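A structural walkthrough
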Amino acid sequence: MKKLVLLFTVLILSLLFAVTAGAESFENYEYVLNSDDTVSITRYFGNEVNVEIPSEINGKAVVKIEELAFEGCGFTQIFIPESISLIYTNAFNNCNYLKEYTVDENNKIYTDDDGVLFNKDKTRLVLYPNAKSAESYIIPDTVTSIDICAFSLARNLRSITISKNVESIESNHKLGGILNIERFIISENNKYFSNDEYGVLFNKDKTVLYNFPCESQLRRYVIPGTVSMIADFAFATCTLDCIVIPSSVMEICYSAFNSNVNNNIEINHIAYEGSETDWQKIEISEHSNGRLSTTPHFEFNFSNEDITTTVIEATCVSEGYRKHFCSCRLELSSETIPAYGHSYKAETTAPTCNSEGFTTHTCTCGSTYTDSYIKALEHKDANSDYECDYGCGY
């Protein structure tokens, strides 16, 4: 066993050495020479707020930015020079303060628009800055494809509008992983994608569910009966009390229901319209089993469920509600009970020689108010017998 551990350790170290072998340093950069005598940047070590990638290092053109070259860096703006012809996926991974990409106007491969990185003719959206402050973003009509991880970790985005010409989203999990997204909005003229009333992302005919928005206010969701496949990462990092899976589903893909790295996000109840036998026929990726380990509520049907009702009574000033749940705790319907307003009973207090009179209105909830004040009578001794005629004893 010790020999096996040692062999594994040597293998890992060898791989690490292979990655960094031949790397050289220049100012805040680590780089490697390519076979055509150009330069690829492999790592940045600086702490500048605004970074300008050099177009040359020691007289050799800088043409590539390698995977994870700027991972975790704290700059807010980065300038991409004319010489760059290839930016690898995840080159700017976890750059959580990055607000803007700027590209030299003479670059023949890339350009920028409002701080977002595109290919030169803006048909491909390459990267959206993680820390861009906008809460919504409308993809330009020129765009036909969205690169893998283009919106990954864009923490301020709440909604994305996919324009009519987008044909492909180059990722196994489409637009999954956008931390705070509440809604996907698809142009009704788009031929490839669609959304439902809750902002969930589908293919055009809603046979494939791509992504449930992570920060949707929904706590319960019924997947449409048109869906036959739940795509990779479709519900990853989502919190739902209950989800209903239709019997039309034939495939649940890689990590479709996986939680985040802290494993603290759950789907509490799963209902399935088909039988247990039908469920066993679904092709389920082993990486989705973690959150599907709870036995589903089989043969779910709204019409034959045991219905329970929770009632919060209305008061004079507050609305109440009546909610109906199936046995899996899916909320089937909800009715608002209007506040019924105060119902007062009046009681009159007559005036005395010393005190004014008034009417007190008291509601069953305990609320009271007084009105109809009558001034005090003052003492009266019409018989001159030195006693008040009102019998107050004065």
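The rules behind each value
- Residues numbered from 1 in each chain as written.
- Predicted model: local features only at pLDDT ≥ 70, side-chain atom pairs only at ≥ 80, totals over all residues.
- Heavy atoms only, no water.
- Pairing = 2+ DSSP bridges.
- Helix = DSSP H or I, 4+ residues; strand = E, 2+ residues; numbered from the N terminus.
- Axes fitted to C-alpha atoms, helices over the stretch in contact; angles between N-to-C directions.
- Phe/Tyr/Trp six-rings, centres within 6.5 Å; stacked < 30°, edge-to-face > 60°.
- Buried < 20%, exposed > 50% of the residue type's maximum accessible area, 1.4 Å probe, protein only.
- Contact = heavy atoms within 4.5 Å.
- Core = buried A, V, L, I, M, F, W, Y, C linked by side-chain atoms within 4.5 Å.
- 1 Å grid on protein atoms, 1.4 Å probe; cavity = no way out; pocket = protein on both sides within 12 Å on 5 of 7 lines; lining within 4 Å.
- Points joined across faces, edges and corners; volume = space filled by probe spheres on them.
- Nonpolar A, V, L, I, M, F, W, Y, C, P; charged D, E, K, R; others polar.
- pLDDT = per-residue confidence, 0-100.

Observations concerning the sheet that holds strand β31 (residues 357-363)
Within a sheet, neighbouring strands are paired by backbone hydrogen bonds and run either parallel or antiparallel to one another. Strand order across the open sheet formed by three strands is β30-β31-β32, with antiparallel pairing between neighbours. Edge positions in the open sheet fall to β30 (344-349) and β32 (368-374), since each of these has one partner strand only. Pairs of neighbouring strands in the sheet enclose a mean axial angle of 20°, with direction left out of account. Summarising the sheet, β30 and β31 pair through six bridges and their orientation is antiparallel. By the bridge assignment, Glu347 is partnered in β31 with Thr360.

A closer look at the sheet that holds strand β20 (residues 208-211)
The sheet built from six strands is open, its strands ordered β18-β19-β20-β22-β24-β26 with mixed pairing. The open sheet has two edge strands with one neighbour each: β18 (193-195) and β26 (283-284). Of the pairings in the sheet, the one linking strand β19 (residues 201-203) to β20 comprises two bridges and is antiparallel in character. Along β20, the bridge assignment pairs Phe202 with Leu209.

Digging into the packing of aromatic side chains
Tallying each qualifying case throughout the model produces 21 aromatic pairs. Measuring from ring centre to ring centre gives 5.0 Å for Tyr344 and Tyr369, while their planes differ by 85°; the resulting arrangement is edge-to-face. Note that Tyr344 is positioned in strand β30 and Tyr369 in strand β32, a separation of 25 residues in sequence. Look at Tyr344 and you get partly exposed, because its relative accessible area is 32%. A relative accessible area of 37% places Tyr369 in the partly exposed class.

Points about the environment of Asp104
On the secondary structure map, Asp104 appears in the loop between β9 (100-103) and β10 (110-113). Separated by 22 residues in the primary sequence, Asp104 and Glu82 place their C-alpha atoms 5.3 Å from one another. Excluding residues within four positions of it along the chain, Asp104 makes contact with Phe79, Ile80, Pro81 and Glu82.

Thoughts on the environment of Ala61
With respect to the secondary-structure elements, Ala61 resides in strand β6 (residues 60-65). Residue class for Ala61 comes out partly exposed when judged on its relative accessible area of 30%. Each C-alpha atom of the pair Ala61 and Thr38 lies 5.2 Å from the other, and the pair is 23 residues apart in sequence. Residue contacts for Ala61: discarding those within four places in its chain leaves Thr38, Val39, Ser55 and Glu56.

Quick look at unusual backbone geometry
Its identity as a non-glycine residue notwithstanding, Asp37 has a phi of 70°, on the positive side. Mapped onto the secondary structure, Asp37 falls in the loop between β2 (29-33) and β3 (39-44). One non-glycine residue, Phe233, lies in the positive phi region at around 60°.

With respect to the nonpolar core
Counting residues in hydrophobic clusters, the biggest one holds 28 residues, and the most contacted among them are Phe70, Phe75 and Phe92. If you list the elements that add at least two residues to this core, you get β2, β3, β6, β7 (77-80), β9 and β12 (124-127). The biggest single contributor to this core is β3, with three residues. Excluding anything up to four places from it in sequence, Phe92 contacts Ile65, Phe70, Phe75, Ile78, Ile87, Tyr101 and Leu127.

Looking at empty space enclosed by the protein
Within this structure, the stated rule accounts for two cavities of 30 Å³ or more. Lining the largest cavity are 16 residues, with Phe92, Asn93, Leu127, Asn130 and Cys149 sitting closest to its centre. Across the lining of the largest cavity, the residue classes break down as 11 nonpolar, five polar and no charged.

What to know about the confidence of the model for the protein chain
Mean pLDDT over the protein chain works out to 83, with 80% of the residues at or above the 70 mark. This model gives residues 1-20 a pLDDT under 50, and the stretch forms zero contacts once residues within four places in sequence are excluded.

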